Amino acid sequence: MIDFSLPPELAELQARVRSFIVGEIIPLEEDPRARGDHVDDGFRRYLNAIARKAGLLAPQAERRWGGLGLSHLARAVVFEEAGYSPLGPVAMHLHAPDEGNMHLLETVATEEQKQHWLKPLAGGEIRSAFLMTEPDGGAGADPDNLRTTARRDGTNFVINGRKWLITGGHGAALYIIMARMAEEDGATMFLADADTPGIERVREISTMAGGFTGGHAEVKLENVRVGSDAVLGEVGKGFAYAQVRLVPARLTHCMRWLGAARRAHDIAAAYARQRWAFGARLVEHQGVGFQLADNEIDLHMARLAIWHVAWLLDRGERANAASSMVKVFCSEAEYRVADRALQVLGGLGVTTDTRVEAIFRGIRAFRIYDGPSEVHRWALARRIARTDRAVGGARGN
Ligand SMILES: Cc1cc2nc3c(=O)[nH]c(=O)nc-3n(C[C@H](O)[C@H](O)[C@H](O)COP(=O)(O)OP(=O)(O)OC[C@H]3O[C@@H](n4cnc5c(N)ncnc54)[C@H](O)[C@@H]3O)c2cc1C
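Residues numbered from 1 in each chain as written. Predicted model: local features only at pLDDT ≥ 70, side-chain atom pairs only at ≥ 80, totals over all residues. Heavy atoms only, no water.

(A) Looking closely at the environment of Leu299. Mapped onto the fold, Leu299 is located in helix α8 (residues 286–314). Leu299 sits in the buried class, given a relative accessible area of 6%. Sequence separation between Leu299 and Arg382 is 83 residues, and the spatial gap between their C-alpha atoms is 29 Å. Setting aside residues up to four positions removed in sequence, Leu299 forms contacts with Leu258, Ala261, Arg262, His265 and Val337. (Helix = DSSP H or I, 4+ residues; strand = E, 2+ residues; numbered from the N terminus. Buried < 20%, exposed > 50% of the residue type's maximum accessible area, 1.4 Å probe, protein only. Contact = heavy atoms within 4.5 Å.)

Okay, here's the thing in structure tokens:
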């Protein structure tokens, strides 16, 4: 029998995070340092200090790094609550890209690399960035287009290339750089100090996806020299490690955006309950009531889907196909929720007087990063073509 009840300690943690977000973080949303598309690094540290005091900083990290060592299922519950405020994931240090990078380092890094990078990262002392995507025809939806190269020079490696859309690229201390081996097979991930000579932040890219500390950077890599101690895992295994990072990371995006979509829905529902038009409250007009009902259906189904894949990951399954399905479903369902919430709010929805406008803008990009919907569908379709069984295991006839 499948038990859907939350263990008491997780239910208690959920309540604690909910009251932390509502009581301590939402009141700070109007702070001038949080307005606009940037969360200032100084403000991020201030928020981290509040979360640290509440015992809620980086709860996903292993206990030895000061976290709570949350299972994937526990993350699903906690990250949704954190996502209820755009500042929640920043404050609790469970936002992208740091959260995914911490997971990658926990899984692949050596003990020395963990002490050097993971310890200060999990403690909120530094931030990190993940450098995969490239402009001008390089790595994107198809990572095989990777053009950045790493060439051996004695015991060192010399990296050349260009990256863009690098979240948190400004102000991050650690760059995890993906590069193709110039004279050997495969790609390699390197842990580089962001101030290594040859690394140049060319520009800060203006996007509709706000709320990330350090924005989105374009970065030039010119003869960046790193030692063999910078290699993450083994040379040539970069693409495999990318999967180690991406499968859980795409699920945690679903979790955080679920909280944000729930917030947008709550704001719209409250408005529809008190706003009158044509002799009735908005919610009593079927056209509005049905939109809100559809929101609750999407939110509920997204939550169930997330919990299922989290449960698979906790059982040690790779869950590649299931995480693709959930990523597509959640990014589209959560977007629909934000879109309907904005519509129900009328003119108010397009103003910055409520959080819905920023949630709507930010959530749109989620259908593109961590694999565009079309690429996940394409991967699932290729899987269907390779087998005589439907993906869910049911016979197709
Ligand atoms: C807000 C944001 C933050 C990001 N942060 C990071 C980061 O921190 N680090 C990093 O490395 N990258 C980051 N990215 C980059 C992101 O991972 C890429 O944008 C994404 O992988 C898509 O690559 P692309 O933009 O080059 O699109 P392209 O590869 O040019 O694809 C364009 C479109 O073509 C379509 N398409 C592609 N392939 C197929 C197919 N097989 N079948 C059908 N349609 C297809 C899709 O609709 C896709 O959206 C970020 C992007 C955004 C928007």
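(B) A look at the packing of helix α1 (residues 8–25) against helix α3 (residues 72–83). Put simply, α1 and α3 touch, their axes get as near as 8 Å, and they point 15 degrees apart. With respect to α3, the element α1 is oriented roughly parallel. Of the two possible hands of crossing, α1 and α3 adopt the one that is right-handed. Between α1, through Leu10, Leu13, Gln14, Val17, Arg18 and Ile21, and α3, the contact on the second element is made entirely by Ala74, Val77, Val78, Glu81 and Ala82. Class assignment for the residues of the contact of α1 with α3 results in eight nonpolar, one polar and two charged. (Axes fitted to C-alpha atoms, helices over the stretch in contact; angles between N-to-C directions. Parallel < 35°, antiparallel > 145°, perpendicular 65-115°, else oblique. Left-handed = near helix turned anticlockwise from the far one by under 90°. Nonpolar A, V, L, I, M, F, W, Y, C, P; charged D, E, K, R; others polar.)

(C) Inspection of the pairing of strand β5 (residues 187–193) at higher detail. Burial analysis of β5 places six of its seven residues in the buried class, the great majority of the element. In this structure, strand β4 (residues 174–181) lies alongside β5, joined through seven bridges in antiparallel fashion. Along β5, the bridge assignment pairs Leu174 with Asp193. Taken together, β4 and the strand that follows it, β5, pair antiparallel across an intervening segment of five residues, in which Gly186 is found at a positive phi of about 85 degrees. Here β5 pairs with strand β8 (residues 231–232) via two bridges, running antiparallel. Opposite Met189, over in β8, you have Leu232 as the bridge partner. (Pairing = 2+ DSSP bridges.)

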